[in-house]
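# Structure assessment
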Amino acid sequence: MVKNSAQDPQDNSLQMKIRQYLVSGRRLPSKDDPNPKVISMRIFARNTVAAKSRFWWNLRRLNKLRPSHGQILAVQELFERRDTNVKTYGIVLKYQSRTTIHNMYKEFRDTTLNGAVSQLYQEMAGNHRAQPQTIHILRTSVLTKSADIKRGKTNQYRGDSIKFPIVKTVPRASHKKFRTVFKAKRPNLYRS
């Protein structure tokens, strides 16, 4: 059973629980190469088992290395340092549709990279019918300058003077003794 992480989404219905892992592995030592080169990859997966499987999938294609001829040295979960600030993330990916492989760049606003990647998986499933196993994240970056942001959808929330109106006001009792379950009249929730 996987423990809940502090950076998992609070509402389970909104996002997938994607975590970021740093998986390190190498070829098995032999007489020809007693000290093989260590290969590390950042993998986005739901748990460590899926991260190891994804690591071997990538190594088989990139380095022609299979699990029977290699070993995993370490699997570490990576966490965000500041997960209270909203940031804009740029994600370069490729995914396989029914006909061909497509390259794509997307931007998301979230407090963590894990949240942005889970938004990516949800959007790719909804808009492009892409399965999570066909999506390969090539590169991620935090976009700090407004010149780096390419999509208008994410740029509209970047101003310092941005304000959100209060559309719904819930009247609250001024003191605990005035709280009741039932009221005599319906409250007015909208400002006119």
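About the thresholds
Along every chain, residues carry numbers that run from 1 in the direction the sequence is written. Residues qualify for local features only when their pLDDT is at least 70, as the model is predicted, and side-chain atom pairs are given and counted only at 80 or more; totals for whole chains, interfaces and linings, by contrast, use all residues. Where side-chain values are given, they derive from all heavy atoms of the structure, hydrogens and water being excluded. What counts as a helix is a DSSP run of H or I of at least four residues, what counts as a strand is a run of E of at least two, and both are numbered from the N terminus. Both definitions apply: the radius of gyration is a C-alpha atom measure, and the globule rule equals 2.2 Å times residues to the power 0.38. The buried label applies to any residue whose accessible area, calculated with a 1.4 Å probe on protein chains only, is under 20% of its type's maximum; exposed applies above 50%, and partly exposed to all values in between. UniProt positions are given in the numbering used here, feature names are shortened, and annotations may be inferred rather than shown by experiment. Here a polar contact is taken to be a pair of N or O atoms separated by no more than 3.5 Å, where protein atoms must pair a possible hydrogen donor with a possible acceptor and residues adjacent in sequence count only if both atoms sit in side chains. Only heavy atoms enter the contact rule, under which two residues are in contact if any of them lie within 4.5 Å. Throughout this description, the term nonpolar core refers to a set of buried Ala, Val, Leu, Ile, Met, Phe, Trp, Tyr and Cys residues connected via side-chain atoms within 4.5 Å. By definition, two strands form a pair when at least two bridges between them are found by DSSP. Geometry is summarised by axes, namely lines fitted to C-alpha atoms with helices restricted to the contacting stretch, and by angles between N-to-C directions that run from 0 to 180 degrees.

The next subject is the overall build of the chain. Helix and strand counts for the chain stand at three helices and six strands. In the chain, the succession of α and β elements from N to C terminus is β-β-α-β-β-β-α-β-α. A compact globule built from 192 residues should have a C-alpha radius of gyration of about 16 Å, whereas the chain, at 23 Å, is more than 25% larger. On the principal axes, the C-alpha backbone points of the chain span a range of 85 × 40 × 35 Å.

Right, let's get into unusual backbone geometry. Despite not being glycine, K64 shows a phi value in the positive range, around 55 degrees. Tracing the backbone through its elements, the reader meets K64 in the loop between α1 (48-62) and β3 (70-78). Notably, R129 is not glycine yet its phi reads approximately 55 degrees, a positive angle. Looking at where R129 falls in the secondary structure, it is placed in the loop between α2 (113-128) and β6 (135-143). Since its relative accessible area comes to 65%, R129 is described here as exposed.

Attention now goes to the UniProt feature "domain: Large ribosomal subunit protein eL20" (unreviewed entry) in the chain. Using the residue numbers shown here, the UniProt feature "domain: Large ribosomal subunit protein eL20" (unreviewed entry) corresponds to residues 19-140. As a span, residues 19-140 carries 25% helix and 43% strand, and end to end its C-alpha atoms are 14 Å apart.

This paragraph deals with the side chain of T134. Of note, T134 is situated in the loop between α2 and β6. For T134, a relative accessible area of 18% puts it in the buried group. Among the polar contacts made by the side chain of T134, one reaches the main-chain carbonyl oxygen of Q131 at a distance of 2.7 Å. Not counting residues within four places of it along the chain, the set of residues in contact with T134 comprises K94, Y95 and Q96.

By the element assignment, T140 lies in strand β6. Judged by relative accessible area, T140 falls into the buried class, the value being 15%. Separated by 2.8 Å, the side chains of T140 and R42 make a polar contact. Beyond its immediate sequence surroundings of up to four residues, T140 is in contact with R42, F44, G90, I91 and L113.

Here we come to the nonpolar core. Core analysis: the largest hydrophobic core is formed by 17 residues, its most contacted members being I91, L93, Y95, V117, L120, M124 and I135. At the level of secondary structure, the elements contributing two or more residues to this core comprise β4 (87-96), β5 (101-110) and α2. For this core, the element with the highest residue contribution is α2, accounting for six residues. The residues contacting I91, other than those within four sequence positions of it, are M104, Y105, K106, F108, A116, V117, L120, I137, R139 and T140. Core analysis: the second largest hydrophobic core is formed by 11 residues, M41, A45, F55 and W56 among them.

Think of a sheet as strands paired side by side through backbone hydrogen bonds, with each pair either parallel or antiparallel. Pairing within the open sheet is antiparallel, and its three strands lie in the order β2-β1-β3. In the strand order of this sheet, the two ends are held by β2 (38-45) and β3, each with one partner. Within the sheet, the average angular offset between the axes of one strand and its neighbour, ignoring direction, is 25 degrees. Relative to β2, strand β1 (residues 19-27) is paired through eight bridges, and the arrangement is antiparallel. Within β2, the residue paired with R19 across the bridge is A45.

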